[in-house]
Amino acid sequence: MATKDKTRSKTLKPRSVVAKNGVKTSRLRPGPNGMPRGQVTEIQRTRMLAATVEAVEEVGYARLTVAQVIGRARVSRKTFYDLFDDREDCFLAAFDEAVEQLGELVSEAYLAESRWREGIRAGLLALLRFMDDEPGLARMVIVEALGAGPRVLERRAEVLEHVKETIDSGRAGAGARVSRATEEAPDVTAEGVIGAVFAVLHTRLLARGREPFSALLGPLMSMIVLPYLGPRAASQELTREAPKAIRRKRSPRRTARDPLEGLDMRLTYRTVRVLTFIGEHPGASNREIAEGAGIADQGQISKLLTRLERLELVRNTGDGQVKGASNAWHLTDRGAQVERATRPR
């Protein structure tokens, strides 16, 4: 990695530009009173991972180029190679983030159940609903990872090994009824089950059909439990109804959208401190925010909060319009996204 010029400012600020699609976004440039370089690096990294997911969904990994990534992320080639060795390294980072996000959802669902069969069903349903919500990430993890190089394949194998151990815990009766079928299941049963399930998902992702992946819960569960619990349990899974979908909030780490896209303002370190303080102290007044963010001038904090409200990053739920009453500031959903993206790491 090239040595950084120590004479350069250690802060950066975004400059509003217009992308090819006509949407304003914030381009980061050196400048006084801007964000610390570490925060900017994190934002640029997030942009490149989001661009990688979008490009892979559109053209596939085989045709993915560094130029496509930096063009979509609106960063320089030097910035790309400051953070990644090559396109495989960038893809691996995006793959890891997607797997981590998916793993949290599946593990949470699995561990919430006390019996093996119900845990596997809950985890599988979480996977299928994730695929319905995030088809681009699902395609990257299940389809494109197969052709993405040795490092990605090695990481994929590690993930599948963990899945295999979880599936095969049905053999030991981890909360499940141990049947004769379980005792007679060969050692490669879990590998075969996983291979069959992922083959079905792989085919459906390539087909890009309209049927939701969650509709596969019964058939896939039937395949999984058959060698462990026998044909009766497998038949029961085909007729069980799936729980009603509860729409989950998308993870803040999701790599499919740049939180600064369309934000027509300069994010100074002072602005970041204000957003962070409001996020940590919802309902804070102007004076409390000014003190917490280190802004002495009450006129400045009032102007800044008014602008943030106009940009729909914060909202006032207090009675500040009434003379003598206090404001009560909260982050909007968009404000929370920006705050997370610019939070000091």
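Note that the coordinates shown come from a computational prediction; the quantities given were computed from them, not determined experimentally. (Residues numbered from 1 in each chain as written. Predicted model: local features only at pLDDT ≥ 70, side-chain atom pairs only at ≥ 80, totals over all residues. Heavy atoms only, no water.)

1. A look at the packing of aromatic side chains
As a reminder, the rule being used: A pair of aromatic rings is counted whenever rings of Phe, Tyr or Trp (Trp by its six-membered ring) have centres within 6.5 Å, and the orientation is called stacked for planes under 30 degrees apart, edge-to-face for over 60 and tilted otherwise. Strands are runs of DSSP state E lasting at least two residues, helices are runs of H or I lasting at least four, and both sets are numbered from the N terminus onward. Three exposure classes are used, based on accessible area relative to the maximum for each residue type with a 1.4 Å probe and protein chains only: buried under 20%, partly exposed in between, and exposed over 50%. Whether a charge sits over a ring comes down to the Lys NZ or Arg CZ being within 6 Å of the ring centre and within 35 degrees of the ring normal.
Applying the stated rule across the entire model yields four aromatic pairs. With a centroid separation of 5.0 Å and an interplanar angle of 65°, the aromatic rings of Tyr-61 and Phe-91 are classed as edge-to-face. Of this pair, Tyr-61 sits in the loop between helix H1 (37–59) and helix H2 (66–73) while Phe-91 is found in helix H4 (residues 87–111), placing the two residues 30 residues apart along the sequence. Here Tyr-61 and Phe-91 have matching classes, each one buried. Here a set of aromatic residues connected by ring pairs shows up, and it is made of Phe-80, Tyr-81 and Phe-84. One Lys or Arg, Arg-87, reaches over the ring of Tyr-61 and ends 4.3 Å from the middle of that ring.

2. Focus on the confidence of the model for the protein
Quick reminder of the rule: What pLDDT reports is the predictor's confidence in each residue, on a scale of 0 through 100. Here, residues are in contact when the closest pair of their heavy atoms is within 4.5 Å.
Overall, the prediction assigns the protein a mean pLDDT of 79, with 74% of residues at 70 or greater. Residue range residues 247–256 is modelled with pLDDT below 50. Its contacts to residues more than four positions away, or to other chains, number 23 contacts.

3. Remarks on the nonpolar core
Note the cut-off: In this description, a nonpolar core means a group of buried Ala, Val, Leu, Ile, Met, Phe, Trp, Tyr and Cys residues linked to one another through side-chain atoms lying within 4.5 Å.
Core analysis: the largest hydrophobic core is formed by 59 residues, its most contacted members being Phe-91, Leu-128, Met-131, Leu-201 and Ile-224. Counting residues per element, this core draws most heavily on H4, at nine residues. Core analysis: the second largest hydrophobic core is formed by 19 residues, Phe-277, Ala-284, Ile-301 and Val-338 among them.

4. Focus on helix H9 (residues 189–207)
Inclusion rule: Helix span, as expected, comes to 1.5 Å for every residue beyond the first. Taking the helix axis as origin, the arc is that swept by the directions to the C-beta atoms.
Helix length check: H9, at 19 residues, gives a terminal C-alpha distance of 27 Å against a target of 27 Å (1.5 Å per residue), a fit within 8%. Those residues of H9 that sit buried are Thr-189, Ala-190, Val-193, Ile-194, Val-197, Leu-201 and Leu-205. Viewed end-on, H9 has its buried residues packed into an arc of 135°, placing them on one side of the element. Looking one or two residues past H9, Arg-208 carries a phi angle of roughly 50°, positive in sign.

5. So, unusual backbone geometry
In most cases, non-glycine residues show a negative phi, while peptide bonds are predominantly trans. Phi at Arg-208 is positive, roughly 50°, even though this residue is not glycine. With respect to the helices and strands, the residue Arg-208 is situated in the loop between H9 and helix H10 (217–229). One non-glycine residue, Glu-312, adopts positive backbone phi at about 65°. Structurally, the position occupied by Glu-312 is in the loop between helix H14 (298–310) and strand E4 (314–316).

6. A look at the pattern of salt bridges
What counts, and what does not: When a carboxyl oxygen of Asp or Glu lies within 4 Å of a side-chain nitrogen of Lys or Arg, that pair is called a salt bridge.
All told, the structure shown has 16 salt bridges when counted by the stated rule. Residue Arg-72 is joined to Glu-58 by a salt bridge in which the shortest nitrogen-to-oxygen separation is 2.5 Å. Pair noted here: Arg-72 is in helix H2 and Glu-58 is in helix H1, with a separation of 14 residues, a long-range link. Look at Arg-72 and you get partly exposed, because its relative accessible area is 30%. In this structure, Arg-155 and Asp-96 form a salt bridge, with 2.7 Å as the shortest nitrogen-oxygen distance. Of this pair, Arg-155 sits in helix H7 (residues 150–168) while Asp-96 sits in helix H4, and the two are 59 residues apart along the sequence. Assessed through its relative accessible area of 25%, Arg-155 is described here as partly exposed. Through salt bridges with shared partners, one network takes in Arg-117, Glu-118, Arg-121, Glu-237 and Arg-240.

7. Concerning the packing of H4 against helix H6 (residues 135–142)
Helix-helix packing: each pair is described by the crossing angle between the helix axes and the interaxial distance. Worth spelling out the cut-off: Lines fitted to the C-alpha atoms define the axes, with helices restricted to the stretch that makes contact. Angles between their N-to-C directions range from 0 to 180 degrees. Under this scheme an angle from 65 to 115 degrees is roughly perpendicular, one under 35 degrees roughly parallel, and one over 145 degrees roughly antiparallel; angles in between are oblique. Left-handed describes a crossing in which the near helix is turned anticlockwise from the far one by less than a right angle; the clockwise case is right-handed. Residues were grouped as follows: Ala, Val, Leu, Ile, Met, Phe, Trp, Tyr, Cys and Pro as nonpolar; Asp, Glu, Lys and Arg as charged; and all remaining residues, including Gly, as polar.
Their axes nearest at 10 Å, the elements H4 and H6 cross at an angle of 115°. By the criterion of interaxial angle, the relationship of H4 to H6 is roughly perpendicular. Note that H4 runs across H6; the crossing there is left-handed. On the side of H4, the interface is formed by Phe-91, Ala-94, Phe-95, Ala-98, Val-99 and Gln-101, while H6 contributes Leu-137, Met-140 and Val-141. Considered class by class, the residues forming the contact of H4 with H6 number eight nonpolar, one polar and no charged.

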